Amino acid sequence: MPCWYSEIPLFTATSRHYVDRLFDPDPQNVLQGVIDMKNAVIGNNRQKANLIVLGAVPRLLYLLQQSSSSLELRTECAVVLGSLAMGTENNIKSLVDCHIIPALLQGLLCSDLIFIEACLRCLRTVFISPVTPVQLLYTDPTVIPHLMSLLSRSQHTQEYITQIFAHCCKELSGFSIYYCIFFFFMHVSVRMQALKCFSVLAYENAQVSMTLVNVLVDGEQLSQVFVRMMQRDKPIEMQLTAAKCLTYMCRAGAIRTDDNCIVLKTLPCLVRMCSKERLLEERVEGAETLAYLMEPDIELQRIASVTDHLVSMLADYFKYPSSVSAITDIKRLDHDLKHAHELRQAAFKLYASLGSNDEDIRKKITETENMMDRIVSGLSESSIKVRLAAVRCLHSLSRSVQQLRTSFHDHAVWKPLMKLLQNAPDEVLVMASSTLCNLLLEFSPSKEPILESGVIELLCSLTQSDSPALRVNGIWALMNMAFQADQKVKVEIVRALGTEQLFRLLSDPDTNVLMKTLGLLRNLLSTRPHIDQVMSSHGKQIMQAVTLILEGEHSIEVKEQTLCILANIADGNTAKELIMTNDDMLQKIKYYMGHSNVKLQLAATFCISNLIWNEEDGSQERQDKLRDMGFVDILHKLTQASDPNLCDRAKTAMQQYLA
C-alpha cells in the first residue's frame with residue numbers, strides 16, 4: 001500500500017515538468033516542450049488527465065491563439081490538444097469548459113493548411129464525443145460557410161468537416177441541416193458551397209439523405225430545388241453538383257430509382273456532362289457519378305445505354321484531346337494532356353457499370369470501335385487507377401458467355417490479365433482474380449491456355465492471403481478449373497495447394513471461402529476413378545473435415561454442400577467403404593435424412609442411394625447393414641414426403657431393395 005501512494009507525486013512531478021516548460025521565456029524551448037508533451041501523452045490516458053488537472057490546456061490555447069507564436073508552435077499545440085481530446089469523456093468536458101471550440105474555430109481563419117488541418121482534426125475529435133454540445137458549432141453564423149469553403153482545401157479537410165457535419169446532423173435529428181438550408185438559401189453567394197456540402201454529407205449516409213429528402217424550402221421539397229438546379233440554363237458546376245446530391249440520396253435509399261427526378265432529370269443531366277463539349281473534369285465527374293448512380297439498377301443501365309448515344313459517346317474519352325486546335329488555351333491543353341488518363345479511367349468505370357447485367361448492352365460495348373484493344377491497353381497503363389478501372393470493365397463484360405467465347409478469345413485478354421496478377425495492389429488483385437474465375441469456366445476457350453500458363457501455383461498462393469476476398473477468388477478459380485477436368489489437372493491442384501492448406505480452408509472463418517472450398521472438393525471428387533484416387537490418398541483427412549462440418553454450427557447451404565461431397569464419395573468404387581466402415585458417419589446421414597430441411601434430407605438420401613445401388617459389387621452386404629441400422633424405415637417414410645424431389649429420390653432408393 002505505501003508503494004502505491006508513493007508513485008503519485010512522482011508521476012505528477014513529471015507532468016508538472018511538462019507544464020512548466022510551456023512558460024519558458026525561450027520560444028524554442030517552449031516548442032520543444034510542446035513536442036515532448038505530444039510524445040508523452042500518446043496512448044497514455046493517465047498522463048493526459050494529469051496535464052489537464054495541472055492547467056496545461058489554458059496555456060496551450062493561449063499559445064495557439066497568439067499571433068506572435070510561430071506556425072509550427074501553434075500547429076503542435078493543436079496536435080497536443082487533439083491528443084488530449086482522444087482520452088476520456090472527462091477530458092472532453094474539461095477542454096470544452098476551457099473554451100477550446102471557439103479557439104480552434106478562430107484558428108481556421110489562418111491561411112496555413114497544415115495548421116487548419118490540425119485544428120479541424122481536434123474539432124472533429126471534440127464534436128464526435130457524445131458529451132460535446134453540438135450547438136456550439138452554430139453560435140457564430142459565419143462558421144458554417146467558412147467550413148464549407150474549406151471543404152475543397154484537401155482530402156483531410158473534407159474528411160474532418162464531413163465527420164463534424166454528419167455527427168451534428170445525427171445528434172440534432174436534422175436540426176443542423178434545416179439550419180444550413182435556411183441560411184444557405186437566403187444567401188445566393190454561398191449557394192454553390194451549400195450544394196457541395198450537401199453532396200458530401202449525403203454520400204453513403206442514409207440518415208442524412210432521409211433528412212434532406214423531407215426538407216421543405218419555401219414550401220418546396222429540397223429534391224425539387226436540386227432538380228431546378230440541373231436545368232440547362234444553370235451554371236455547369238451547379239447542374240453537376242445538384243445531380244450528385246440526388247444521386248447520393250438515391251443510392252442511400254432516400255429516393256427510388258424509378259422516381260422521375262432520377263430517370264427524367266438526374267440521369268439525362270449526367271449523360272449531358274459526358275459530351276465532348278464539356279471540360280475534362282466535368283466529363284470525368286459526370287461519368288463517374290453516372291456509373292455510381294446506375295451501378296445496382298438494371299433499368300437505369302438500360303435507359304442510360306440508349307440515352308444520347310452514350311455508349312459511342314464514351315469512345316471519345318479515349319481520343320481526348322482529339323486535336324490541338326480544339327483547345328486554344330495553352331494552359332488548358334497542357335492540363336488536359338496531363339489528366340487525359342482520368343478520362344480513360346472514368347470511361348472504363350462507366351462501361352463497367354453499364355454492362356454489369358444486360359447482355360445486349362455488353363454486346364454494344366464490345367462492338368464499340370477498338371473497345372477490346374483499349375481494355376487490353378488499359379490493363380498495362382502506368383496509372384494504377386486506370387488499370388483498376390480497366391479490369392473492372394473486363395470483369396463486367398466477362399459475365400457474358402457470348403463475350404467469353406468471342407471477343408475475349410479473339411483478343412487473348414487472359415495474357416495481360418495474367419501479367420496484371422503477378423504484381424499488383426490488393427484492390428486490383430481482387431478484381432483481376434475475380435475476372436479470371438469467369439475465364440476459367442468450362443465453356444471459356446481461354447481456360448486451356450490459362451491452364452498451360454502455370455496459373456495453378458498463382459491461385460494457390462491467393463488462398464493464403466490475409467484478404468478474405470482474395471482467398472475466395474483463389475479457391476473459386478481452382479473450383480472452376482477442377483470442374484470436369486482431367487485427372488492430371490486435379491492431381492496438380494491437390495499437389496500445389498497441399499492437403500494442409502486445403503483443410504485449413506475447410507475451417508476458414510469466412511463462409512464464402514468455406515463454400516468455395518467445398519465446391520472445389522466436390523469437383524475434385526467427381527467420376528469414380530478420380531474419387532477413388534483422391535480418397536485413397538486423403539480419405540482420412542476428408543472424412544474428418546466432413547465430420548467437423550456436419551457437427552458444427554454451419555448454415556444449411558454449407559451442410560448441404562458437405563452432404564453432396566459425401567454422396568460423391570459414396571459413388572466411388574472403393575471410396576464408399578470409408579463411409580460404410582464409419583458407423584458414426586452413417587448415424588449422421590441418418591440424422592440428416594430426418595432433418596426438417598428438405599435440402600439436407602435430399603442430399604443425405606442421395607448419399608444412401610449411392611451406397612445401396614444394386615449394380616455394384618458388395619451392394620447386398622451394404623443393403624443388409626443399412627437395413628439393420630433402420631435406413632429402410634426412414635426411406636419408406638420419405639416416399640410419403642410432400643416434396644416431390646425427395647419423394648422420388650426415396651422411391652428410387654427403395655427400388656434397390658426390391659430389385
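Treat the numbers as computed from the prediction; the structure is a model and nothing was measured.

S.K.: Go over the overall build of the chain, please, and point to the residues and values.
M.R.: Looking only at helices and strands, the chain has 41 helices and two strands in total. Taking 2.2 N^0.38 as the reference for a compact globule, 659 residues should give roughly 26 Å; the C-alpha atoms of the chain span a radius of gyration of 33 Å, well beyond that estimate. Taken over 659 residues, the chain has a buried fraction of 55%. Taking as baseline every contact in the chain between residues at least 6 positions apart, the subset at least 24 positions apart corresponds to 68%. About 30000 Å² of surface is accessible on the chain, with carbon and sulfur atoms providing 51% of the total. Treating the 64 positive side-chain charges of the chain as one cloud and the 73 negative ones as another, the clouds have centres 2 Å apart.

S.K.: So what's going on with the layout of surface pockets? Residues and values would help.
M.R.: Of the voids in this model, the largest pocket is the one considered here, and its volume is about 1400 Å³. Lining the largest pocket are 44 residues, and of these Tyr203, Tyr248, Glu288, Thr289 and Lys349 sit closest to its centre. For the lining of the largest pocket, the leading source of residues is helix 17 (residues 280–294), giving nine residues. Looking at the lining of the largest pocket residue by residue, the classes come out as 14 nonpolar, 16 polar and 14 charged.

S.K.: So, the packing of helix 29 (residues 455–462) against helix 31 (residues 487–497): which residues are in play, and what are the values?
M.R.: Relative orientation of the contacting elements helix 29 and helix 31 amounts to 40 degrees, with a least axis distance of 9 Å. One finds that helix 29 runs oblique with respect to helix 31. Where helix 29 crosses over helix 31, the handedness of that crossing is right-handed. For the pair helix 29 and helix 31, the contacting residues are Ile456, Glu457 and Cys460 in the first and Val489, Glu492, Ile493, Arg495, Ala496 and Leu497 in the second. When grouped by side-chain class, the residues that make up the contact of helix 29 with helix 31 number six nonpolar, no polar and three charged.

S.K.: Just give me the short version of the side chain of Ser199, but keep the residues and values in it.
M.R.: Topologically, Ser199 is positioned in helix 12 (residues 191–202). Residues contacting Ser199, with those up to four places away along its chain left out, are Thr241, Lys244, Cys245 and Tyr248.

S.K.: Lay out the packing of helix 31 against helix 33 (residues 511–524) with the relevant residues and their values.
M.R.: Two numbers describe how helix 31 lies on helix 33: the axes approach to 10 Å, and their chain directions differ by 140 degrees. The pairing of helix 31 with helix 33 is recorded here as oblique in orientation. For the element pair helix 31 and helix 33, the recorded crossing hand is left-handed. Every residue of helix 33 that contacts helix 31 at Lys490, Ile493, Val494 and Leu497 is listed here: Leu520, Asn523 and Leu524.

S.K.: Can you lay out the pattern of salt bridges for me, pointing to particular residues and giving the numbers?
M.R.: Per the stated rule, a full pass over the model turns up 26 salt bridges. Linking Asp233 and Lys234 is a salt bridge whose minimum nitrogen-to-oxygen distance equals 3.8 Å. Taking the relative accessible area as the measure of exposure, Asp233 reaches 61% and is therefore exposed. Look at the salt bridges and you will find they share partners, linking Glu299, Arg302 and Asp358 into a network.

S.K.: Which residues make up the UniProt feature "repeat: ARM" (unreviewed entry) in the chain, and what are the values?
M.R.: Per the UniProt record, "repeat: ARM" (unreviewed entry) is found at residues 55–91 and 497–539. Helix and strand shares over residues 55–91 are 76% and 0% respectively, and the end C-alpha atoms of the span are 12 Å apart. Split by type, residues 497–539 is 79% helix and 0% strand. Its first and last C-alpha atoms lie 16 Å apart.

S.K.: Would you mind going over the state of the cysteines in detail, with residue names and values included?
M.R.: Two cysteines joined by a covalent bond between their sulfur atoms form a disulfide. Overall, the coordinates contain zero disulfides when judged by the stated rule. Cys122 supplies the cysteine sulfur nearest to Cys119, a cysteine that is in no disulfide, at a spacing of 7.7 Å. Classification of Cys119 by relative accessible area gives buried; the value is 0%.

S.K.: Hey, could you go over helix 3 (residues 45–53) for me, with residue numbers and the actual values?
M.R.: Every α-helix winds through 3.6 residues per turn, so residues three or four apart in the chain are directed the same way. For helix 3, every residue scored as buried is listed here: Gln47, Lys48, Asn50, Leu51 and Ile52. Where helix 3 terminates, the next one or two residues include Gly55, which has phi positive at roughly 90 degrees.

S.K.: How would you summarise the packing of aromatic side chains if you had to cite specific residues and measurements?
M.R.: One pass over the structure, following the stated rule, counts six aromatic pairs. Aromatic side chains Tyr248 and Tyr292 sit 5.8 Å apart centroid to centroid with 75 degrees between the ring planes, which places their arrangement in the edge-to-face category. Of this pair, Tyr248 sits in helix 15 (residues 236–251) while Tyr292 sits in helix 17; the two residues are 44 residues apart in sequence, bridging distant segments of the chain. Pair check on accessibility: Tyr248 and Tyr292 agree, each one buried. Pairwise contacts between aromatic rings join Tyr203, Tyr248 and Tyr292 into one cluster. When the ring centre of Tyr292 is taken as reference, the NZ or CZ atom of Arg251 above it lies at 4.2 Å. The ring of Trp476 is capped by Lys516, whose NZ or CZ atom sits 4.3 Å from the centre of that ring.

So, how was this worked out
Residues numbered from 1 in each chain as written. Predicted model: local features only at pLDDT ≥ 70, side-chain atom pairs only at ≥ 80, totals over all residues. Heavy atoms only, no water. Helix = DSSP H or I, 4+ residues; strand = E, 2+ residues; numbered from the N terminus. Rg over C-alpha atoms; globule rule 2.2 N^0.38 Å. Buried < 20%, exposed > 50% of the residue type's maximum accessible area, 1.4 Å probe, protein only. Contact = heavy atoms within 4.5 Å. Areas by Shrake-Rupley, 256 points an atom, 1.4 Å probe, with all protein chains shown as cover. Lys, Arg positive; Asp, Glu negative; His and termini not counted. Charge placed at Lys NZ, Arg CZ, Asp CG, Glu CD. 1 Å grid on protein atoms, 1.4 Å probe; cavity = no way out; pocket = protein on both sides within 12 Å on 5 of 7 lines; lining within 4 Å. Points joined across faces, edges and corners; volume = space filled by probe spheres on them. Nonpolar A, V, L, I, M, F, W, Y, C, P; charged D, E, K, R; others polar. Axes fitted to C-alpha atoms, helices over the stretch in contact; angles between N-to-C directions. Parallel < 35°, antiparallel > 145°, perpendicular 65-115°, else oblique. Left-handed = near helix turned anticlockwise from the far one by under 90°. Salt bridge = Lys/Arg side-chain N within 4 Å of Asp/Glu carboxyl O. UniProt positions renumbered as here; feature names shortened; annotations may be inferred. Disulfide = S-S within 2.5 Å. Phe/Tyr/Trp six-rings, centres within 6.5 Å; stacked < 30°, edge-to-face > 60°. Lys NZ or Arg CZ within 6 Å of the ring centre and 35° of its normal.

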